[in-house]
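Residues per chain, in single letters:
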Amino acid sequence: MGPAHVVGAAVIDGSGRDPSNLDITIENGRITHLGASSAYGERLVAEGLTMTPGLIDAHVHLGLSSPIQPHFSFQISAAEIAADIFATAGAALDAGFTTVRDTGGIDGGVVTAIAKGKVRGPRVLSCGPVQCQIGGHGYYGAEWEPTELWSSHHIAGLCALSMMAGNADELRRNVREAFRRGASFLKLCVTGGVVGAHDRLTDTQFTVEEIAVAVQEAAARNTYVTVHAHNNEGIRNAVEAGVRCVEHGTGLDESTAALMAAREVALVPTFAVVEQLLHDTAGAGLAESTRDRAKGAREQMTKALAVAKHAGVRIGLGSDLIGPAQDRRGKELSLRAALETPMEALVAATQTNAEILGLSGQVGVITPGAQADLVLWNGNPLEDPELFSDPTNAVLVIQAGQIVKDLR
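Residues numbered from 1 in each chain as written. Predicted model: local features only at pLDDT ≥ 70, side-chain atom pairs only at ≥ 80, totals over all residues. Heavy atoms only, no water.

Let's shift gears to the nonpolar core. Residues Leu188, Ile211, Val225, Val227 and Met260 are the most contacted members of the largest nonpolar core, which totals 56 residues. By residue number, the principal contributor to this core is helix α10 (residues 297–311), which donates five residues. Excluding residues within four positions of it along the chain, Val227 makes contact with Leu188, Val190, Ala238, Val243, Cys245, Val246 and Glu247. Of all hydrophobic cores here, the second largest spans 32 residues; its members include Val60, Ile76, Val100 and Val375. (Core = buried A, V, L, I, M, F, W, Y, C linked by side-chain atoms within 4.5 Å. Buried < 20%, exposed > 50% of the residue type's maximum accessible area, 1.4 Å probe, protein only. Helix = DSSP H or I, 4+ residues; strand = E, 2+ residues; numbered from the N terminus. Contact = heavy atoms within 4.5 Å.)

Here we take up the side chain of Glu275. Here Glu275 shows up in helix α8 (residues 272–279). A polar contact is formed between the side chain of Glu275 and the side chain of Arg298, at a distance of 2.3 Å. Contacts of Glu275, omitting those with residues within four sequence positions, involve Arg298 and Leu335. (Polar contact = N/O pair within 3.5 Å; in protein donor to acceptor, adjacent residues only side chain to side chain.)

Let us now look at the sheet that holds strand β11 (residues 123–126). The parallel open sheet is built from three strands, whose spatial order is β8-β9-β11. The sheet is open, and its two edges are formed by β8 (55–60) and β11, each paired on a single side. Taking each pair of neighbouring strands and ignoring which way they run, the sheet shows an average axis angle of 15°. Of the strand pairs in this sheet, β8 and strand β9 (residues 97–102) are connected by four bridges, and their pairing is parallel. When the bridges of β9 are listed, Val60 appears paired with Asp102. Its contacts with the sheet place helix α12 (residues 342–356) against β8 and β9, and it is angled at close to 70° to β8. (Pairing = 2+ DSSP bridges. Axes fitted to C-alpha atoms, helices over the stretch in contact; angles between N-to-C directions.)

Attention shifts here to the pattern of salt bridges. Oppositely charged side chains can form a pair if their charged atoms are brought close together. Across all of its chains, the model carries 19 salt bridges by this definition. Between Lys309 and Glu344 there is a salt bridge, with its nearest N and O atoms 2.8 Å apart. Within this pair, whereas Lys309 is found in helix α10, its partner Glu344 is found in helix α12, the two being separated by 35 residues in sequence. On the basis of relative accessible area, Lys309 is assigned to the partly exposed category, the value being 39%. When the shortest N-O distance is used, the salt bridge between Arg314 and Glu355 registers 3.3 Å. Taken as a pair, Arg314 in the loop between α10 and α11 (331–339) and Glu355 in helix α12 lie far apart in primary sequence, 41 residues in all. For Arg314, a relative accessible area of 43% corresponds to the partly exposed category. Through salt bridges with shared partners, one network takes in Arg172, Arg176, Glu217 and Arg221. (Salt bridge = Lys/Arg side-chain N within 4 Å of Asp/Glu carboxyl O.)

Attention shifts here to the sheet that holds strand β5 (residues 30–34). Taken together, the four strands give an open sheet; going across it, the order is β5-β4-β1-β6, and neighbouring strands pair in mixed fashion. Sheet topology places β5 and β6 (42–45) at the edges, where each strand pairs with a single neighbour. Pairs of neighbouring strands in the sheet enclose a mean axial angle of 25°, with direction left out of account.

The subject of this paragraph is the pairing of strand β4 (residues 24–27). In the sheet, strand β1 (residues 4–7) pairs with β4 via three bridges, with the strands oriented antiparallel. Its bridge partner lying in β4, His5 is registered against Thr25. Strand direction decides the pairing type here: β4 and β5, joined by four bridges, are antiparallel. Paired with Ile24 across the strands is Leu34, a residue of β5.

The subject of this paragraph is the state of the cysteines. Tallying each qualifying case throughout the model produces zero disulfides. Note on Cys159: no disulfide assigned, nearest cysteine sulfur contributed by Cys127 at a separation of 14 Å. Relative accessible area serves as the criterion here: at 3%, Cys159 is assigned to the buried category. Cys245 forms no disulfide, and the closest cysteine sulfur to it belongs to Cys127, at a distance of 12 Å. Classification of Cys245 by relative accessible area gives buried; the value is 1%. (Disulfide = S-S within 2.5 Å.)

Shown next, in the form of structure tokens:
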């Protein structure tokens with residue numbers, strides 16, 4: 001297949017540089033040239049549109065695309081759960097997200113099905129099941145249900161939310177099993193959560209020594225550990241243990257942020273899920289009590305973002321959306337743009353997220369040699385970041401050189 005040229009768009013390359021008018025040449029799924037080219041090939045005229053790299057969501061839950069409580073109460077068939085997962089994967093592409101990091105919920109079969117092109121979806125990196133302590137965040141069985149029965153809620157090859165460990169040896173076994181199933185990194189829950197069934201936000205979970213076991217196992221496979229962490233003590237435990245990334249980071253303080261920066265630990269804040277839970281708790285299939293947990297989290301997370309930024313922490317971007325309402329994934333960029341600048345939000349969702357995912361230079365940037373993951377927007381999202389919130393504004397989406405959405 002010969003080269004193709006996207007011409008006429010204002011190009012925002014993901015690096016933070018101002019937009020420029022460049023033609024983009026694509027061949028064999030990669031960007032091969034920036035600027036005018038006399039080479040033969042198809043010309044895709046994009047006058048009046050703005051081009052960005054394909055967006056990256058560093059915190060997704062494709063496996064939680066059905067209402068949560070019915071999902072884990074055996075009220076929804078495997079067929080419907082699968083339909084919801086694949087619909088959500090397609091919606092991510094339609095919103096301009098060509099790469100996502102699934103931080104718990106899907107099994108390896110979903111990653112494989114998308115990678116083979118059997119269903120529409122972004123490039124997926126997955127942790128497999130989340131690693132949790134017995135009685136901690138990530139367990140949604142009934143109170144009367146013995147922990148050992150929790151795995152019966154998993155559907156092999158489709159969804160597996162979490163694995164429970166009572167000590168370091170059990171955790172080591174579980175993370176090895178997660179890698180056996182195809183995980184490319186690990187995620188641990190080290191505090192309670194907003195969407196919690198048997199835990200509180202103030203709880204810390206796993207000891208430093210236990211977290212370090214997962215770090216050791218990840219390092220043996222040349223990968224890393226990220227952690228679900230809201231309170232500062234849990235964040236600090238994880239950083240002391242050697243994790244490479246923190247999700248949420250709601251209660252982060254200045255000294256822990258300084259330690260994160262010194263040890264090059266990244267932060268992925270998640271604002272969209274808080275908005276979702278405050279405005280439509282029932283739509284996610286959760287009890288109204290979850291709304292109470294979400295109250296105040298937005299204010300704390302906003303403060304934590306500023307603290308991390310001041311300390312020089314690398315800050316990515318993740319939506320953390322759950323339930324069936326995951327079509328407006330770009331809302332996370334709109335929310336971050338209001339707290340920082342539209343350019344900073346875009347860089348977080350492209351170049352910085354690529355660095356966090358270990359894909360630096362491969363995705364998240366418009367540069368020769370990178371994957372040809374591109375989005376053409378109806379308007380300039382730097383001038384109006386609300387454009388990110390509406391998938392219809394992503395009029396053309398290209399993934400690895402192939403057009404996967406075209407509303408022109």
